[in-house]
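Reading the structure
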Amino acid sequence: MEKRTAVVTGASSGIGAATARRLASEGYRVVLTARRTERITALADELAAAGHEAQAQVLDVTDRDAVRAFATDLGVCHVLVNNAGGALGADPVAEGDPEDWRRMYEVNVIGVLHMTQALLPALRASGDGTVVVISSTAGQAVYEGGGGYVAAKHGAHVLAETLRLELCGEPVRVIEIAPGMVRTDEFALNRFGGDPARAADVYRGVAEPLTAEDVADTVGWAVTRPSHVNVDLLIVRPRAQASNTKVHREL
Ligand code: 8X3
């Protein structure tokens, strides 16, 4: 039997890479997309060597033409995992850089829009499609210094909620996974312009932040539920984090 195809954006590291691995182990043919060729090629090779079907495709989700061309070449798609995203800065609104805000909206919202629009015909045609949006707890509530990231992730949340309404009656589910504190190699580093000390401070004293694998586990679980079951929104945080602003730190 032909394998079902899952596309994962931002598959070069962190949650995206872990999700690609997880979906491959669930029996999907995985298409890894990201901007960094070497990383996704290495991961696709690793998965293929382990007996999975995987391919890498360089893609910038903010480039609408490239995304459309990708979708045309791909043809078949059963699952789209919109994972590409990220934060830039943690300045108060009074001092936030509008360019950071624009960039975050581009990748966290418009990127999801491009991918979803381009792959919807294939997802519909599959007869049993799933759109996953990896948003964030930043899409559920605000926090000081969250500024542009919180605004963008609220945008991603609204996109998912609206899309679910609009697709009701069609064979396509819309699943939103909203992770809280996840320690990955790059999220906090990217947010703080590559400053390792500021990045490390995010997780300071937190016994066990979530891992990329923890989040991939929720994606793997949600997409493998029977077709009639739609996990609308799954908020997942480490036990030490009760809200965006209430984190237990052992110092
Ligand atoms: C990441 C969660 O708390 O850094 O999406 O906004 S947070």
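As recorded in an unreviewed UniProt entry, the protein chain goes by SDR family oxidoreductase and comes from Streptomyces lonarensis. UniProt, in its Sequence similarities (unreviewed entry) section for the protein chain, records the words "Belongs to the short-chain dehydrogenases/reductases (SDR) family."

Some thoughts on the pattern of salt bridges
Tallying each qualifying case throughout the model produces 11 salt bridges. Its salt-bridge partner being Arg4, residue Asp128 comes within 3.9 Å of it at the nearest N-O pair. Within this pair, whereas Asp128 is found in the loop between helix H4 (98–125) and strand E5 (129–134), its partner Arg4 is found in the segment before strand E1 (5–8), the two being separated by 124 residues in sequence. The residue Arg22 makes a salt bridge to Glu26 at a minimum N-O spacing of 2.9 Å.

Focus: the UniProt feature "domain: Ketoreductase" (unreviewed entry) in the protein chain
UniProt's feature table lists "domain: Ketoreductase" (unreviewed entry) at residues 4–185, given in the numbering used throughout. As annotated, residues 4–185 has a helix share of 47% and a strand share of 18%, and its two end C-alpha atoms lie 30 Å apart.

Comments concerning the sheet that holds E1
The parallel open sheet is built from seven strands, whose spatial order is E3-E2-E1-E4-E5-E6-E7. Each end of this open sheet is capped by a strand with a single partner; those strands are strand E3 (54–58) and strand E7 (233–236). Here the strands of the sheet are splayed against their neighbours by 15 degrees on average, with no regard to which way each runs. With four bridges joining them, strand E6 (residues 172–179) and E7 adopt parallel strand pairing.

Concerning empty space enclosed by the protein
A water-sized probe rolled over the atoms picks out the places where empty space is left. Enumeration according to the criterion identifies one cavity of 30 Å³ or more in this entry. Elements with a minimum of two residues in the lining of the largest cavity: H4 and helix H5 (147–167). With three residues, the top contributor of residues to the lining of the largest cavity is H4. A class-by-class count of the residues in the lining of the largest cavity yields four nonpolar, six polar and three charged.

Thoughts on the site of the ligand
Lining the immediate environment of the ligand, one finds Ser136, Ala138, Tyr143, Tyr149, Gly180, Phe187 and Arg191. Residue Tyr149 places a side-chain N or O atom 2.6 Å away from an oxygen atom belonging to the ligand. Arg191 places a side-chain nitrogen or oxygen 3.4 Å from an oxygen atom of the ligand. The fraction of the free accessible surface of the ligand (250 Å²) that becomes covered by protein chains is 84%. Split by residue class, the shell around the ligand holds four nonpolar, two polar and one charged.

Quick look at helix H1 (residues 14–25)
Taking 1.5 Å of rise per residue, 12 residues should cover 16 Å, and H1 covers 17 Å from first to last C-alpha, within 8% of that figure. Those residues of H1 lying buried are Ile15, Gly16, Ala17, Ala18, Thr19, Ala20, Leu23 and Ala24. Residues of H1 that are buried in the fold lie against E1, strand E2 (29–34), helix H2 (37–49), strand E4 (79–82), E6 and helix H8 (212–223). The first or second residue beyond H1 is Gly27, which carries a positive phi of 100 degrees.

Remarks on helix H3 (residues 64–74)
Those residues of H3 not exposed but buried are Val67, Phe70, Ala71 and Leu74. One side of H3 holds all its buried residues, which, seen down the axis, span an arc of 95 degrees. Among the exposed residues of H3, those pointing more than 90 degrees away from its buried face are Asp65, Thr72 and Asp73. Contacts from the buried residues of H3 go to E1, E2, E3 and H4. Between a side-chain oxygen at the N-terminus of H3 and the backbone nitrogen of Asp65 the separation is 3.3 Å; the capping residue is Asp63. Among the residues trailing H3, Gly75 stands out with phi positive, at a value near 75 degrees.

Basis of the calculations
- Residues numbered from 1 in each chain as written.
- Predicted model: local features only at pLDDT ≥ 70, side-chain atom pairs only at ≥ 80, totals over all residues.
- Heavy atoms only, no water.
- UniProt positions renumbered as here; feature names shortened; annotations may be inferred.
- Salt bridge = Lys/Arg side-chain N within 4 Å of Asp/Glu carboxyl O.
- Helix = DSSP H or I, 4+ residues; strand = E, 2+ residues; numbered from the N terminus.
- Pairing = 2+ DSSP bridges.
- Axes fitted to C-alpha atoms, helices over the stretch in contact; angles between N-to-C directions.
- 1 Å grid on protein atoms, 1.4 Å probe; cavity = no way out; pocket = protein on both sides within 12 Å on 5 of 7 lines; lining within 4 Å.
- Points joined across faces, edges and corners; volume = space filled by probe spheres on them.
- Nonpolar A, V, L, I, M, F, W, Y, C, P; charged D, E, K, R; others polar.
- Near = heavy atom within 4 Å.
- Polar contact = N/O pair within 3.5 Å; in protein donor to acceptor, adjacent residues only side chain to side chain.
- Areas by Shrake-Rupley, 256 points an atom, 1.4 Å probe, with all protein chains shown as cover.
- Expected span 1.5 Å × (residues − 1).
- Buried < 20%, exposed > 50% of the residue type's maximum accessible area, 1.4 Å probe, protein only.
- Contact = heavy atoms within 4.5 Å.
- Arc of directions from axis to C-beta.

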